[in-house]
There are 2 protein chains.
Amino acid sequence: MRHIKGQGAFKRRGLMLVLSSPSGAGKTTIAREILNRDPNLVMSISATTRSIRPGEIEGKDYYFIDKKDFEARINSDNFIEYARVFDNYYGTPKDPVEKAMSAGHDILFDIDWQGTQQLVSKQNIMQDVVTIFILPPNVSELERRLKNRAQDSLAVVKHRMSKVSDELSHYPEYQYVIVNSEIRDSVDQVEQILSAERCKIERQIGLHDFVQNLRNLS
Amino acid sequence: MRHIKGQGAFKRRGLMLVLSSPSGAGKTTIAREILNRDPNLVMSISATTRSIRPGEIEGKDYYFIDKKDFEARINSDNFIEYARVFDNYYGTPKDPVEKAMSAGHDILFDIDWQGTQQLVSKQNIMQDVVTIFILPPNVSELERRLKNRAQDSLAVVKHRMSKVSDELSHYPEYQYVIVNSEIRDSVDQVEQILSAERCKIERQIGLHDFVQNLRNLS
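Since the structure is predicted, the reported quantities are computational estimates derived from the model, not experimental observations.

Chemist: Just to check I follow, could you spell out the overall build of chain A for this structure?
Modeler: When helices and strands are counted, chain A shows eight helices and nine strands. For chain A, the spread of C-alpha atoms along the principal axes amounts to about 75 × 45 × 30 Å. Across the 218 residues of chain A, 37% fall into the buried class. Across chain A, contacts joining residues at least 24 apart in sequence account for 72% of those joining residues at least 6 apart.

Next up, the structure:
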C-alpha cells in the first residue's frame, strides 16, 4: 500500500470527496482502487429503506432503516443528501460523516449530480466538499459500453442513452474533471487531487498555531 | 524524468504556479527540482534594471533593460508584478507569460508575498494563479538556518529574523501550504498540486466540445 502525501505535521479537517460520472465511465472501479490505496479515506455509508439482501451487512453496505424512521430523519435535517428512487429512500446520514471529518478522515461519496447538488448547496459543509466528474475517454468507447450493457429492448437502450446525455450535461457543476482513458492514470489523478486538497490552507486547522510558534522565535 | 499527470486529451490553458517562503525554507531547491521533473513547466524570467553580471545570459537569467525603458513599461501596464529594490527595478513582463499560458504551458514564479499580492489582485489573471507557501519544518530547524546564514553582525541577524517573521505572517494569503520536512516529499506535494490544478474544470478549455461530442452520440 502506498502512502498518500499531504498528511501534515498538525491537525487537519477531513474532506468529502465526491466522484460522479455517467454510467459505464469506470467510476466504481476508480472508487475501489483509491480506497485500497489510502487508509485515511473511508467510504460513505448510506441509509436506505429498501430490504436487506443476502450477503449484505448492516452498517457496512447500508444502514437499513424503515420508512417512518427515514422520514422522521429527513424532517429533523439528519441527512446530508437523500433521494427517493421509486418506493425507496437512500440518503447520507450527517453524524458519522461529521465525526469522521473532525477526526481528520476523508470520506468518499459515490453519488450522482443530484446528490452532489445537495451537498454543495449546504452552507456549513460546502467548503469541505471536493467534486470530481469522470468522463469516458471517447465516443466509440462510450458507445461500446452503452451497447454492451444493453442486451435489452431498444426502449431500454434509448432510455439509458438519454440518461447518459443528461448526466454528461452536469459536468460544469464539478471542480475537477478526469477523462478515464486508463484506470491506473485516473486513480493516480484522483490521488493527486486528494493530496493537493489536503494541502489547502483552510483544511490545515493546526496551521495558525504552528506558524505562530515559528514567528515567536524569529 | 517522470511524466506528470494531468495533461488531458484536449486543449488546456496554462497556469501560474507561485512558490513563496521565508528565506531558508528550501524554496529554491524545490523550484529547481519541480522544473527538472516537468517539461511543461517553465520558469518565469524577470526583467531588471540592474547590471548584467559575469556568466549571466540575457533572456535566460533576466531581461536586462534600462531604467527609462522599465518605467515606460510600468506606465503602459506591461508588468504582471514589479518591485523596486533600492536603486533597481525587478518585474515580470506580461507578454511572454500570456503567450506561454495560451500555448498550454505552466509558469513557475519564485516571488515573495508582495509580488504574489500583485498577481492575485489582477482581475484578468487571478483565476490562472495557484499559490503555494512553503514553511520550515520546525522552530529548531528555522533557528539553525537563520544562524548558519548569519555570520554577520548582530544587527544583520536581528534584521533577518524580523524579516522572516514578517514573511511568515503572510501565509494565510496563499491557497496551499507545504511544510518542508523532506525536500523529496515537498517536491512530490508541489507536483501533486500542479497535477490536480491541471484537472480543474476552468483550465480544460477543450472540455465543452469534448462533452458535446459525447452527448451527441448518446
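Chemist: Explanation requested: the relation of the copies chain A and chain B in the structure shown.
Modeler: One chain copy maps onto the other through a rotation about an axis and a shift parallel to that axis. Its rotation angle being 180°, the transformation that places chain A on chain B also includes 0.0 Å of axial translation and leaves an RMSD of 0.0 Å. The two molecules are tied by a two-fold rotation axis, judged by turn and shift. Across chain A, the smallest distance between a C-alpha and the rotation axis is recorded for Q192(A), namely 2.4 Å. Most of the interface of chain A is mirrored in chain B, where 100% of its interface residues again form contacts.

Chemist: Would you mind going over the interface of chain A and chain B with me for this structure?
Modeler: A common way to state how big an interface is: give the accessible area lost once the parts meet. Contact residues are listed per partner, giving 42 residues for chain A and 42 residues for chain B. Tallying contributions element by element places helix α7 (residues 183–198) of chain A first for the side of chain A that touches chain B, with seven residues.

Chemist: Which parts of the structure should I look at to understand the sheet that holds strand β9 (residues 176–179) of chain B?
Modeler: The pairing of strands in a sheet happens through backbone hydrogen bonds and is either parallel or antiparallel. Residues and elements named next belong to chain B. Here five strands make up an open sheet; going across it, the order is β2-β7-β1-β8-β9 and the pairing parallel. Among the strands making up the open sheet, the edge pair consists of β2 (41–43) and β9. Taken over all neighbouring pairs, the strand axes of this sheet differ in orientation by 25° on average, direction set aside. Here four bridges tie strand β8 (residues 129–135) to β9, and the two strands are oriented parallel to one another. Residue pairing across strands places L135 opposite V179, the latter belonging to β9.

Chemist: I keep staring at helix α1 (residues 27–37) of chain A and nothing clicks. Help me out?
Modeler: Note: α-helices contain 3.6 residues per turn, so residues at a spacing of three or four share the same orientation. Residues and elements named next belong to chain A. Of the residues making up α1, those classed as buried are K27, I30, A31 and I34. The buried side chains of α1 occupy one side of the element, clustering within an arc of 100° when seen end-on. Where the residues of α1 are buried, they touch β1 (16–20), β2 (41–43), β7 (106–110), β8 (129–135) and α7.

Chemist: How do you make sense of the pairing of strand β5 (residues 79–85) of chain B when you look at a structure like this?
Modeler: It is a general feature of regular strands that their side chains alternate between the two faces of the sheet. Inspection of the sheet shows β5(B) paired to strand β6 (residues 88–93) of chain B by six bridges, in the antiparallel sense. For F79(B), the partnering residue across the bridge sits in β6(B) and is P93(B).

Chemist: What should I look at first to understand the environment of Q127(B) in this one?
Modeler: Residue and element names in this part refer to chain B. Tracing the backbone shows Q127 in the loop between α4 (113–120) and β8. Residue classification places Q127 among the partly exposed positions, given that 13 C-beta atoms sit within 10 Å. Residues Q127 and A31, 96 residues apart in the sequence, show an inter-C-alpha distance of 22 Å.

Chemist: Honestly, the sheet that holds β6(B) in this entry has me stumped. Any pointers?
Modeler: Residues and elements named next belong to chain B. Strands sit in the order β4-β3-β6-β5 across an open sheet of four strands; the sheet is mixed. A single partner strand is all that each edge strand has here, and the edge strands are β4 (63–64) and β5. Strand direction decides the pairing type here: strand β3 (residues 47–48) and β4, joined by two bridges, are parallel. Following the sheet pairing, A47 is matched in β4 by Y63. The strands touched by helix α2 (residues 67–75) within the sheet are β3, β5 and β6, with β5 carrying the most contacts at an inclination of about 135°. Along the sheet face, helix α3 (residues 94–102) touches β5 and β6 and points at about 25° away from the line of β6.

Conventions and cut-offs
- Residues numbered from 1 in each chain as written.
- Chains lettered and ligands numbered in written order.
- Predicted model: local features only at pLDDT ≥ 70, side-chain atom pairs only at ≥ 80, totals over all residues.
- Helix = DSSP H or I, 4+ residues; strand = E, 2+ residues; numbered from the N terminus.
- Buried ≥ 20, exposed ≤ 12 C-beta atoms within 10 Å, placed from the backbone.
- Contact = placed C-beta atoms within 7 Å.
- Least-squares fit on C-alpha atoms with pLDDT ≥ 70 in both.
- Pairing = 2+ DSSP bridges.
- Axes fitted to C-alpha atoms, helices over the stretch in contact; angles between N-to-C directions.
- Arc of directions from axis to C-beta.

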